[in-house]
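A structural walkthrough
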Amino acid sequence: MSRAGEAWGRVRGNWWPVLQQAVAAAVSWWAAGLAFDHHLPVFAPIATLVALNTPLGGRGTNAVRVVSGVIVGVVVGHAAFRLLGHGAPAIGTAVLAALLAALLLGGERITMAQAAVSAVVSVVAGQQAGLVRVEDALFGAAVALVFSQVLFPAHPVTLLVRAQTKALRALGDVLDVTARTLRSKNERIDRFWDDLRPLYSLLDDLAESRERATAVARLTRYRRGNTEAVRREIASARHLNLLGNSCLTLIRGAMALDEGHRAAFAPDVEALTRTVGLLADEPRTGAVRGRATRAAEHIVRNAPDTTSPQATAVWQNLRLAVGDLTAFASAERNPPGARQG
């Protein structure tokens, strides 16, 4: 995909959350202006934007982190101002104490940043400015919670399906590059590893999406009646993580073979690529998953004729990847109450 295509894909995939942030910031400024007539509530829309500037499923938690960081920073900054005044020693001491306190609260980056900034504001502008920042942060976070939890709440199944689709497409791209590299000469090997790097972060993103979806399902009360569907998607995402890791093991093993043995595995990797691509298009469709399962099983029906211990190990890695793919393809179709591995 070209860079222009990637840029347009980012816009197309994120325009709705971005629009929500813009509207929420405007609402936060307007409503805070009505609520507070003694100051310009500039920090209210800022708090709203910071809280909502995170993936769906984590925006409510982000709002709480913003507020906790602001409160910690204001308290610490006020104490530093009372003891040391407005100077550089006061700012350095306040920031250090605020960051250490934020670490005690969990060490989230957003909490630490808000604590440090609020500490600086309190020292430079005094106690009243610090209290104003707390008011604005509470108001802005409240607006963010209304947008993220009431008006546009995240659906746990949607979160997981989007993450799965993204991870499957990336895995298919990596496997496609792998198959072409297995057929090529040695000069492509060095460049291949650069193409592999994005997959690691996508698998991490999938694990985080699974955690967020679990939290959303637990905290969003009116969706608890759909917990069975959520549970199946979480189990399916777990299988996809295993599939990604087994494919990485397969790729590493195949690339370590000599040129002749590498080429022998190219057709199987190409077949695995097609099967993953089939799932990426319709990851939740039962008929597609059934076809993917049959295609995966066909890959491992006949072991290659080899006496190389290294090639035999790679063949076992291929069987493991196919097994994980089959488990993923079967997970969604398991009946309620069935055990998920």
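Anything mentioned here points back to the structure above.
Here is a short report on the structure shown in this document.

Criteria and cut-off values
- Residues numbered from 1 in each chain as written.
- Predicted model: local features only at pLDDT ≥ 70, side-chain atom pairs only at ≥ 80, totals over all residues.
- Heavy atoms only, no water.
- Helix = DSSP H or I, 4+ residues; strand = E, 2+ residues; numbered from the N terminus.
- Buried < 20%, exposed > 50% of the residue type's maximum accessible area, 1.4 Å probe, protein only.
- Contact = heavy atoms within 4.5 Å.
- Areas by Shrake-Rupley, 256 points an atom, 1.4 Å probe, with all protein chains shown as cover.
- Core = buried A, V, L, I, M, F, W, Y, C linked by side-chain atoms within 4.5 Å.
- Axes fitted to C-alpha atoms, helices over the stretch in contact; angles between N-to-C directions.
- Parallel < 35°, antiparallel > 145°, perpendicular 65-115°, else oblique.
- Left-handed = near helix turned anticlockwise from the far one by under 90°.
- Nonpolar A, V, L, I, M, F, W, Y, C, P; charged D, E, K, R; others polar.
- Salt bridge = Lys/Arg side-chain N within 4 Å of Asp/Glu carboxyl O.

**What about the overall build of the protein?**
Scanning the protein from N- to C-terminus turns up 12 helices and zero strands. Shown N-terminal to C-terminal, the secondary structure of the protein runs as helices and strands in the order α-α-α-α-α-α-α-α-α-α-α-α. Buried positions account for 45% of the 341 residues belonging to the protein. Across the protein, every contact between residues at least 6 apart in sequence was considered, and the portion connecting residues at least 24 apart equals 78%. When the accessible surface of the protein is totalled, it reaches about 17500 Å², and 59% of it is carbon and sulfur.

**Some points on the nonpolar core**
Counting residues in hydrophobic clusters, the biggest one holds 36 residues, and the most contacted among them are Leu 175 and Leu 272. Elements that contribute at least two residues to this core include exactly helix 7 (156–182), helix 9 (227–255), helix 10 (259–281), helix 11 (286–299) and helix 12 (309–331). The element contributing the most residues to this core is helix 12, with nine residues. Non-local contacts of Leu 175, meaning those with residues more than four positions away in its chain, are made with Cys 247, Ile 251, Val 269, Leu 272, Thr 273 and Val 276. In this structure, Ala 51, Val 74, Ala 144 and Phe 147 belong to the second largest nonpolar core, which totals 16 residues.

**Overview of the packing of helix 7 against helix 10**
Orientation of helix 7 relative to helix 10, taken along the N-to-C sense of each, is 160°, at an axis distance of 8 Å. For the element pair helix 7 / helix 10, the angle class is roughly antiparallel. Helix-helix and strand crossings are classified by hand; for helix 7 and helix 10 the assignment is left-handed. Residues Thr 165, Leu 168, Arg 169, Leu 171, Gly 172, Leu 175, Asp 176, Thr 178, Ala 179 and Leu 182 of helix 7 pack against Arg 262, Ala 263, Phe 265, Ala 266, Val 269, Glu 270, Leu 272, Thr 273, Val 276, Leu 279 and Ala 280 of helix 10. Across the contact of helix 7 with helix 10, the residue classes break down as 13 nonpolar, four polar and four charged.

**Comments concerning the pattern of salt bridges**
Applying the stated criterion across every chain yields a total of three salt bridges. Two residues, Asp 176 and Arg 180, come together in a salt bridge whose shortest N-O distance is 3.3 Å. In this pair, Asp 176 and Arg 180 both sit in helix 7, four residues apart, roughly one turn of the helix. According to the relative accessible area criterion, Asp 176 is partly exposed, its value standing at 33%.

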